[in-house]
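Survey of secondary and tertiary structure
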Amino acid sequence: MPGLGTIVNAAAVVAAGFLGLLLGSRIKKNVQETIIIAMGVATLILAVAGTLSKMLVVQEDGTLAVQGTMTMIISLAVGSVIGELLDLDGKVNKFGSWLKIKSGNAKDEGFVEAFVTSSLTICIGAMAVVGAIQDGISADHSILFAKSVLDFLIIVVLSAAMGKGCIFSAIPIVLLEGSMTLLGVVIKPLLTAQALNNLSLVGNAIIVCVGINLIWDRKIRVANMLPALILAVAMAFLPFNLS
């Protein structure tokens, strides 16, 4: 059944959120703060590793070469400018504030931060896009099922430390993966090997910023960098290669 992967992914996030809240209620505040920092460190290391895996290439003579540098720099720079002009971060935060009120959590001071952080952590990446497209075209749920397991573990930890807002990150999961599933036939030809490589490269670079925010509080407007993902895919179709 097309769309099943998205349903399972969203359900896993919700279940993980409630489990995290149950565990979090038994954890002292200072321990919760340490967990957030630990998650930030883990996110940062994994994202850096993911970025380097797309940049470093072993040549025939055994030496390492770097690729995709200009693609990453241009995508992030131009994409961030576009995001700032559109104020995507502000819009995401306003949506989080609206959810906070409508869900009856108006007194939860950390709701918006929890929602934004968890949403960006689990929504950015090639697995969501490719998995959703495969789900829509061939009802192959394998990638989204694997992502559901990863997201479950991430949200359990984040919700235990940050609170209820993490549960609502299931909403952007449904919106993103659901739309990719519906548009799968149209989008699939655009996801060439180079496009996916660029998407993973820039996506991991953005997740590095999520890790930084978890460790040193929220200093980077990560949502404003999201247009870089679209630019990264578009740059795969340039008639010349960027080093």
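To be clear, the structure that these remarks concern was listed above.
The structure contained in this document is the topic of the report that follows. (Residues numbered from 1 in each chain as written. Predicted model: local features only at pLDDT ≥ 70, side-chain atom pairs only at ≥ 80, totals over all residues. Heavy atoms only, no water.)

Some remarks on a nonpolar patch on the surface
Worth spelling out the cut-off: The patches reported here contain residues having more than 30% relative accessible area and no salt bridge. Joining distances are 9 Å for like charges and 5 Å for nonpolar side chains (Val, Leu, Ile, Met, Phe, Trp, Tyr). In short, Shrake-Rupley with a 1.4 Å probe defines the accessible areas, and a residue's cover is counted only from the protein chains shown. Put simply, a salt bridge is a Lys or Arg side-chain nitrogen that is within 4 Å of an Asp or Glu carboxyl oxygen. Runs of E in the DSSP output that reach at least two residues are strands. Runs of H or I that reach at least four are helices, and both are numbered from the N terminus. Residue exposure (1.4 Å probe, protein chains only): buried if accessible area is under 20% of the type maximum, exposed if over 50%, otherwise partly exposed.
A contiguous nonpolar patch, built from V48, L52, L56, V58, L64 and V66 and spanning about 520 Å² of accessible area, is present on the exposed surface. Those elements that place two or more of their residues in the nonpolar patch are α2 (29-55), β1 (56-58) and β2 (64-66). Structurally, V48 is set in helix α2. The partly exposed category is assigned to V48, whose relative accessible area is 35%.

Describing the nonpolar core
Heads up, the rule is: Nonpolar cores were defined as sets of buried Ala, Val, Leu, Ile, Met, Phe, Trp, Tyr and Cys residues, with membership established by side-chain atoms within 4.5 Å. We call two residues in contact when some of their heavy atoms are within 4.5 Å.
Ranked by size, the top nonpolar core spans 54 residues in total, and within it L76, I124, M162, V202, I206 and V222 carry the most contacts. Looking at which element gives the most residues to this core, the answer is helix α10 (residues 193-215), with twelve residues. Leave out the neighbours within four places in its chain, and I206 touches L76, I124, V222, M225, A228 and L229.

Regarding unusual backbone geometry
Unlike most non-glycine residues, D87 shows phi in positive territory, near 55 degrees. Within the secondary structure, D87 is located in the loop between α3 (69-86) and α4 (88-102). At A139, a position not held by glycine, the phi torsion is positive, near 55 degrees. Relative to the helices and strands, A139 is located in the loop between α6 (126-138) and α7 (142-162).

As for α4
For clarity, the threshold we go by: Expected span, for any helix, means 1.5 Å times one less than how many residues it has.
Its 15 residues give α4 an end-to-end C-alpha distance of 21 Å, which sits within 8% of 21 Å, the value for a rise of 1.5 Å per residue. Along α4, the positions that sit buried rather than exposed are D89, G90, N93, G96, L99 and K100. Where α4 is buried, its residues touch α5 (111-123) and α8 (170-182). Looking one or two places after α4, you find G104, whose phi comes out positive at around 80 degrees.

Digging into the side chain of T117
With respect to the element layout, T117 can be found in helix α5. The contacts of T117, once residues within four sequence positions are left out, are M162, V210 and L214.

Focus: the pattern of salt bridges
Pairing between side chains of opposite charge can happen when the charged atoms of each approach one another. Applying the stated criterion across every chain, the model contains three salt bridges. Between R221 and E84 there is a salt bridge, and its shortest N-O distance comes to 3.0 Å. Of this pair, R221 sits in the loop between α10 and α11 (227-234) while E84 sits in helix α3, and the two are 137 residues apart along the sequence. By relative accessible area, E84 is classed as partly exposed at 36%. Across the salt bridge formed by K147 and E177, the nearest N and O atoms sit 3.3 Å from each other. Here K147 is found in helix α7, whereas its partner E177 is found in helix α8, with 30 residues between them in sequence. An identical accessibility class is assigned to K147 and E177; each is buried.

Topic: the side chain of T51
The following threshold applies: Here a polar contact means two N or O atoms within 3.5 Å. Within protein one must be a hydrogen donor candidate and the other an acceptor candidate, and residues neighboring in sequence count only if both atoms are side-chain atoms.
Locating T51 in the fold gives a position in helix α2. A polar contact is formed between the side chain of T51 and the backbone oxygen of A47, at a distance of 2.8 Å. Excluding its chain neighbours within four sequence positions, the residues that come into contact with T51 are M72, L201, N204, A205 and V208.

Considering α10
The end-to-end C-alpha distance of α10, which contains 23 residues, comes to 33 Å, matching closely the 33 Å that a straight helix rising 1.5 Å per residue would cover. Once α10 finishes, D217 follows within two positions and takes phi at roughly 65 degrees, a positive value.

Considering the environment of V112
Here V112 is to be found in helix α5. Sequence-distant contacts of V112, that is, excluding residues within four places in its chain, are made with N93, G96, S97 and K100.

Examining the packing of aromatic side chains
Our working rule: Pairing of aromatic side chains requires ring centres within 6.5 Å, counting the rings of Phe and Tyr and the six-membered ring of Trp. Pairs whose planes differ by under 30 degrees are stacked, by over 60 edge-to-face, and all others tilted.
According to the stated counting rule, one finds three aromatic pairs in the structure shown. Ring-pair connections join several aromatic residues into one group, and the members of that group are F95, W98 and F115.

Re the packing of α3 against α11
The criterion, for reference: In this analysis, axes come from line fits to C-alpha atoms, helices being fitted only over the stretch in contact, and the angle between any two N-to-C directions falls in the range 0 to 180 degrees. An angle counts as roughly parallel when it lies under 35 degrees, as roughly antiparallel when it exceeds 145, as roughly perpendicular when it falls between 65 and 115, and as oblique in every other case. Here a crossing is taken to be left-handed if its near helix is turned anticlockwise relative to the far helix by less than a right angle, and right-handed if that turn runs clockwise. Three residue categories are used. Nonpolar comprises Ala, Val, Leu, Ile, Met, Phe, Trp, Tyr, Cys and Pro, charged comprises Asp, Glu, Lys and Arg, and polar comprises the others, including Gly.
Look at α3 against α11: their axes get within 7 Å of each other, and the N-to-C directions meet at 135 degrees. One element, α3, and the other, α11, form an angle in the oblique class. The two elements α3 and α11 meet at a crossing, and its hand is right-handed. Between α3 and α11, the contacting residues are S75, L76, V78, G79, I82 and G83 on the first element and P227, A228, L231 and A232 on the second. Within the contact of α3 with α11, the residues separate by chemical class into seven nonpolar, three polar and no charged.

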